[in-house]
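A structural walkthrough
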Amino acid sequence: RPVNSPLSFKGDRFWVDVPCFVYRYSHRHPRNPAAVVDAFTKLAKQIETGWGVDAVYVFDCPDSMPASKHCAHDRHLRRETAIARQDRIWQAIEDGAYDSDSLLLMHAQLRTSRGTAVVPEGTYERLQETLRQLSLGWCKSPFGDAEAACSRFAAEFGGIVVSEDLDAIAFGAPRLLRRFGYA
């Protein structure tokens, strides 16, 4: 159901799926981790001060993902492959090592990998440090997926999951807030 006022959440706890927002901001600011961190910091300040909500920011932890073919594990591998491909393409463009035909091919390859967000290297570390400096709570998911952890924490400790990923419902989120931070 639509939310008419941020005051309706005052006193609630948000469990924020950080990667969902980092991917969104990485699409807006490719290859610029500082801009991604700034955009996320504005969102965190809006949640904490503007909405008066206590939030915990949850990060993915690929190291703790199950070795089986789990969707998040597969997504992580696809993302790493796309990052490597996009880095090679950007490097070729920056080096000027292309003609008009190969530029068209590179453009097509970049378009096919658009569905996979390329998070600039060091973004998560910078973001964790920023949250630490702002004295905001954050953790790495003990389950691999941030939305799995958010859902479980919200079910156990109460609160609302803030994520664009509908997997949160499958993981048992009691309440899910989507489209957060869009103008």
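Since the model is a prediction, treat every value here as computed from it, not as a measurement.

**Considering the packing of helix H2 (residues 33-50) against helix H5 (residues 123-133)**
Between H2 and H5, whose axes approach to 9 Å, the crossing angle comes to 40 degrees. Compared by their axis directions, H2 and H5 come out oblique. You can see that H2 and H5 cross each other, and the crossing is right-handed. Facing H2, whose interface residues are Pro33, Ala34, Val36, Val37, Phe40 and Thr41, H5 presents Thr123, Arg126, Leu127, Thr130 and Leu131. Residues of the contact of H2 with H5, tallied by class, amount to 7 nonpolar, 3 polar and 1 charged.

**Regarding the packing of helix H1 (residues 18-28) against H5**
Close contact between H1 and H5 brings their axes to 12 Å; oriented N to C, the two are set at 120 degrees. In this view, H1 runs oblique relative to H5, as classed from their interaxial angle. The chirality of how H1 crosses H5 is right-handed. Contacts between H1 and H5 involve Val18, Pro19, Val22 and Tyr23 on the former and, on the latter, Thr123, Tyr124 and Leu127.

**A look at the pattern of salt bridges**
Applying the stated criterion across every chain, the model contains 6 salt bridges. Between Asp54 and Arg13 there is a salt bridge, and its shortest N-O distance comes to 2.5 Å. In this pair, Asp54 is assigned in strand S2 (residues 54-59) and Arg13 in strand S1 (residues 13-17), connecting sequence segments 41 residues apart. Judged by relative accessible area, which is 38%, Asp54 ranks as partly exposed. A salt bridge links Arg152 to Glu156, with the shortest nitrogen-to-oxygen separation between them at 3.9 Å. Within this pair, Arg152 and its partner Glu156 are both found in helix H6 (residues 146-157), separated by 4 residues, close to a single helical turn. Residue classification places Arg152 among the partly exposed residues on the basis of a relative accessible area of 41%. Beyond isolated ion pairs, a larger network of salt bridges with shared partners links Arg24, Glu164 and Arg178.

**Quick look at unusual backbone geometry**
At Ser135, a position not held by glycine, the phi torsion is positive, near 60 degrees. Note that Ser135 resides in the loop between H5 and strand S3 (137-140). Since its relative accessible area comes to 65%, Ser135 is described here as exposed.

**What to know about the packing of aromatic side chains**
Evaluated as defined, the whole model comprises 9 aromatic pairs. Aromatic side chains Phe40 and Tyr57 sit 5.7 Å apart centroid to centroid with 75 degrees between the ring planes, which places their arrangement in the edge-to-face category. In this pair, Phe40 is assigned in helix H2 and Tyr57 in strand S2, connecting sequence segments 17 residues apart. Like Tyr57, Phe40 is buried. Centroid distance Phe153 to Phe157: 6.3 Å. Interplanar angle 40 degrees. Geometry classified as tilted. Of the two residues, Phe153 and Phe157 both sit in helix H6, 4 residues apart, roughly one turn of that helix. Here Phe157 falls in the exposed class, since its relative accessible area comes to 55%. Counting every residue linked through ring pairs, the aromatic cluster contains Trp15, Phe143, Phe153 and Phe157.

**Some remarks on the sheet that holds strand S5 (residues 176-177)**
On the basis of which strands lie adjacent, the open sheet formed by 5 strands has the order S3-S2-S1-S4-S5 and parallel pairing. Strands with a single pairing partner mark the edges of an open sheet, and in this sheet they are S3 and S5. Taken strand by strand, H1 contacts S1, S2 and strand S4 (160-162), and its axis lies near 55 degrees from that of S1.

**Observations regarding the pairing of S1**
Along S1, 4 of the 5 residues are buried, which leaves the element largely enclosed by surrounding structure. Sheet topology places S1 next to S4; 3 bridges connect them, and they run parallel. Bridge pairing in S4 links Trp15 to Val161.

About the cut-offs
Residues numbered from 1 in each chain as written. Predicted model: local features only at pLDDT ≥ 70, side-chain atom pairs only at ≥ 80, totals over all residues. Heavy atoms only, no water. Axes fitted to C-alpha atoms, helices over the stretch in contact; angles between N-to-C directions. Helix = DSSP H or I, 4+ residues; strand = E, 2+ residues; numbered from the N terminus. Parallel < 35°, antiparallel > 145°, perpendicular 65-115°, else oblique. Left-handed = near helix turned anticlockwise from the far one by under 90°. Contact = heavy atoms within 4.5 Å. Nonpolar A, V, L, I, M, F, W, Y, C, P; charged D, E, K, R; others polar. Salt bridge = Lys/Arg side-chain N within 4 Å of Asp/Glu carboxyl O. Buried < 20%, exposed > 50% of the residue type's maximum accessible area, 1.4 Å probe, protein only. Phe/Tyr/Trp six-rings, centres within 6.5 Å; stacked < 30°, edge-to-face > 60°. Pairing = 2+ DSSP bridges.

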